[in-house]
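Next come the chains, spelled out residue by residue.
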Amino acid sequence: MLAWGIPRAELLAAPIRGAGTAKASETKEPSLTRARARALRRARRSALEQALGQVEGPVDKAARKSVLDADEAWTGAYRILSETSDGDEVRLELEVEIDLVRLAKRVHVRAAGKGTPMFRLGDVGSAEACGEAEAVVAAVRDELAGQGAVALDGKAEALDVALDCQSLGPVQHTYLHAVRVQVMATAEGRTVAERVTAGFANGPGEAMAVGLHQALGELAEQLADRRRGHVRLRVRAPLPSVRVRRLETAMRNSVLGVDAVELSAIERGLVELRVSGELSAEALARRLEALSVPGLSLSVIDVEPPDVLTIAFE
């Protein structure tokens, strides 16, 4: 999606400078063209390393390595500020647009004690336009497992991931190319999460890498809340808020199988509570329907097994 001719991803990104140098004589078959390509890669990686250096707080080493391994996906939009060559050595300085907020979320150390993933990674399928199958599978595994959204083994329910990619061509009045990436996660035939994302970068291949990692990152955020031992209790029409607090207290004190209740999200017309304990969404629904609290009446709107329950106050 474009706003005033500028991709939304660009609006959220920050310009980071990087520099790279390479010599044609580095290889057995000297080539100034290949030297320039190496210098460009090194400059982009340099910018990404500088961006990682701006992340505040503790950084997960494995997540940092994963980001650096996917440097093409993080540095797809750039512009060259200067370039010089003496016939052997190529020197480049460039400015790369990097989403620092998404980068920080990707590499921050994750809090422990939030339960294990609800799902384990199952089959991964992708359209030919998404790229080489092995590379796509590796990207899915690294992004989803790396962010704690899925497990890679164990007895959890299998989550299948399917990707569809489409090249949208050059973006008018810019040097960028655009792609559209759709990623869908299903378990036993039901849709668990889905994202559709646009990716922008200087070239078609780079744009596809950007789109894939951005879509998978957003999918991982959706899946990260799906934890074993937790139910996402979505409360519609929560006002006045005193009823939500009364419900929290009632569940902690009066519902067997509930260990803890905490506010996890606030949306327009909706409050989401994270309920920790031994209950599934279906079991919690039954116990809430049987709950008797003066001045508090509710009805179950929807149950999405295994861990999402929607209610409304009456």
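Here, every reference points to the structure presented above.
Residues numbered from 1 in each chain as written. Predicted model: local features only at pLDDT ≥ 70, side-chain atom pairs only at ≥ 80, totals over all residues. Heavy atoms only, no water.

Engineer: Even after reading the chapter, I still don't get the packing of aromatic side chains, so can you show me in this structure?
Structural biologist: Two measures describe an aromatic ring pair: the distance that separates the ring centres and the angle between the ring planes. With the rule as written, the count across this model stands at zero aromatic pairs. The cationic tip of Arg 102 hangs over the ring face of Trp 74; the distance from NZ or CZ to the ring centre is 4.2 Å. (Phe/Tyr/Trp six-rings, centres within 6.5 Å; stacked < 30°, edge-to-face > 60°. Lys NZ or Arg CZ within 6 Å of the ring centre and 35° of its normal.)

Engineer: How do you make sense of the pairing of strand S7 (residues 157–170) when you look at a structure like this?
Structural biologist: The side chains of a regular strand alternate, first on one face of the sheet and then on the other. Bridge count between strand S6 (residues 119–126) and S7: six bridges; the pairing is parallel. Of the residues in S7, the one forming a bridge with Ser 126 is Leu 163. A crossover connection joins S6 to the parallel S7 through helix H6 (residues 133–146); in handedness this β-α-β unit is left-handed. Pairing geometry for S7 and strand S8 (residues 177–187), over ten bridges, is antiparallel. When the bridges of S8 are listed, Val 161 appears paired with Ala 185. (Pairing = 2+ DSSP bridges. Helix = DSSP H or I, 4+ residues; strand = E, 2+ residues; numbered from the N terminus. Right-handed = clockwise from strand over helix to strand, strands pointing away.)

Engineer: Explanation requested: the nonpolar core in the structure shown.
Structural biologist: Nonpolar side chains in soluble globular proteins tend to be buried together. Among the nonpolar cores identified, the biggest contains 31 residues, and Val 140, Leu 144, Leu 159, Leu 163, Val 181, Leu 212 and Leu 223 are the most heavily contacted of them. For this core, the secondary-structure elements that each account for two or more residues are S6, H6, S7, S8, strand S9 (190–201) and helix H7 (204–224). With residues near it in sequence (within four places) discarded, Leu 212 still touches Cys 130, Val 136, Leu 163, Cys 165 and Val 181. One finds Ile 16, Ala 22, Ala 24 and Ala 35 within the second-largest nonpolar core, a separate group that totals 28 residues. (Core = buried A, V, L, I, M, F, W, Y, C linked by side-chain atoms within 4.5 Å. Buried < 20%, exposed > 50% of the residue type's maximum accessible area, 1.4 Å probe, protein only. Contact = heavy atoms within 4.5 Å.)

Engineer: Would you take a moment to explain helix H2 (residues 32–53) for this structure?
Structural biologist: Along an α-helix, residues three or four positions apart point the same way, because every turn accommodates 3.6 residues. The terminal C-alpha atoms of H2, which comprises 22 residues, lie 31 Å apart, in line with the 32 Å expected from a rise of 1.5 Å per residue. All of the buried residues along H2 are Ala 35, Arg 38, Ala 39, Leu 40, Ala 43, Arg 44, Ser 46, Ala 47, Leu 48, Ala 51 and Leu 52. Between the side-chain oxygen of the N-cap and the backbone nitrogen of Thr 33 there are 3.4 Å, and the N-cap of H2 in question is Ser 31. (Expected span 1.5 Å × (residues − 1). Polar contact = N/O pair within 3.5 Å; in protein donor to acceptor, adjacent residues only side chain to side chain.)

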